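Coordinate analysis (summary)
Residues per chain are reported as follows:
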Amino acid sequence: MEFSTEFKGREEEIADMFAATFTDSEGAEEGTLIGGLVRELLIGTPDADLHVFIARSDGAIVGAAIFSRLRYAGDARSVFILSPMAVATGRQGAGIGRDLLRHALGALRDAGVEIAVTYGDPAFYGQVGFRPMTEEIAPAPLPLTHPEGWIGQSLTGAELTPLRGPCTCVTALDKPALW
Ligand SMILES: CC(C)(COP(=O)(O)OP(=O)(O)OC[C@H]1O[C@@H](n2cnc3c(N)ncnc32)[C@H](O)[C@@H]1OP(=O)(O)O)[C@@H](O)C(=O)NCCC(=O)NCCS
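The following paragraphs examine the structure supplied in this document. (Residues numbered from 1 in each chain as written. Predicted model: local features only at pLDDT ≥ 70, side-chain atom pairs only at ≥ 80, totals over all residues. Heavy atoms only, no water.)

**What to know about helix α1 (residues 11-26)**
The criterion, for reference: Strands here are runs of E lasting at least two residues and helices are runs of H or I lasting at least four, both read from the DSSP assignment and numbered beginning at the N terminus. The span one expects for a helix is its residue count, reduced by one, times 1.5 Å. Here the term buried applies to any residue with accessible area under 20% of the maximum for its type, exposed to any over 50%, and partly exposed to those in between, with areas from a 1.4 Å probe on protein chains only. Working note: the arc is built from the helix axis to C-beta atom directions.
With 16 residues, α1 should cover 22 Å at 1.5 Å per step; its first-to-last C-alpha distance of 22 Å lies within 8% of that length. Listed as buried for α1 are Glu-11, Ile-14, Ala-15, Met-17, Phe-18, Thr-21 and Phe-22. Around the axis of α1, the buried residues are gathered within 155° of arc, so they sit on the same side.

**As for unusual backbone geometry**
For residues besides glycine, phi is generally negative; the peptide bonds are generally trans as well. A cis amide bond links Ser-83 with the next residue in sequence, Pro-84, at an omega value of -5°. Within the element layout of this structure, Pro-84 appears in strand β4 (residues 79-87). The linkage connecting Gly-165 with the following residue, Pro-166, adopts the cis geometry, with an omega of 0°. Position of Pro-166 among the secondary structure elements: in the loop between β7 (150-154) and β8 (167-168).

These figures capture arrangement, not role.
This is the structure we're talking about:
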């Protein structure tokens with residue numbers, strides 16, 4: 001397994017992998033939604049607001065984790081949100097997701113990112129350090145349908161003290177259906 005940040009020129013391949021994976025796990029409608037989200041994120045997000053990590057096996061993309069910037073109007077800390085991530089259906093359950101995230105979080109820390117958040121299953125993301133957060137700690141950019149899935153971690157060792165909002169996300173994530 002090889003981890004890489006080189007996604008330019010492979011946007012369609014990555015979006016197709018997300019669409020297929022989410023179609024398998026959650027149905028065709030979700031697959032189309034997430035595939036479209038990934039395409040828009042990869043093509044339309046400024047480089048400074050995006051970190052993409054892919055896992056490759058024999059040249060094929062078998063997993064990806066996409067982080068984009070969250071801005072807090074009253075806070076200078078560097079915050080990125082993981083959304084979405086996927087491991088190809090036939091490759092799940094073999095540790096690829098966990099290893100890819102461990103690699104990605106270390107690279108983000110080295111790049112000066114101070115806080116990582118995501119919106120997902122604490123049972124999986126808890127294994128790589130994400131812990132439940134309230135919106136008093138980190139206001140979300142849009143209303144959360146599942147507040148129990150709002151999780152985060154400090155990457156610096158500093159305590160995760162409240163982020164001062166309001167919070168905004170990149171354009172591709174700025175859609176109520178995703179939250
Ligand atoms: C969720 C996902 C990214 C996990 O990647 P993965 O490579 O299958 O996960 P790993 O093999 O690294 O699993 C690591 C651990 O988390 C557990 N785990 C995996 N997926 C889980 C889930 N959905 N819920 C709870 N635990 C999970 C595994 O059992 C494993 O624990 P163990 O080693 O104690 O058995 C992947 O299964 C996936 O793409 N699923 C469909 C799309 C999706 O739900 N994406 C996430 C939301 S954006």
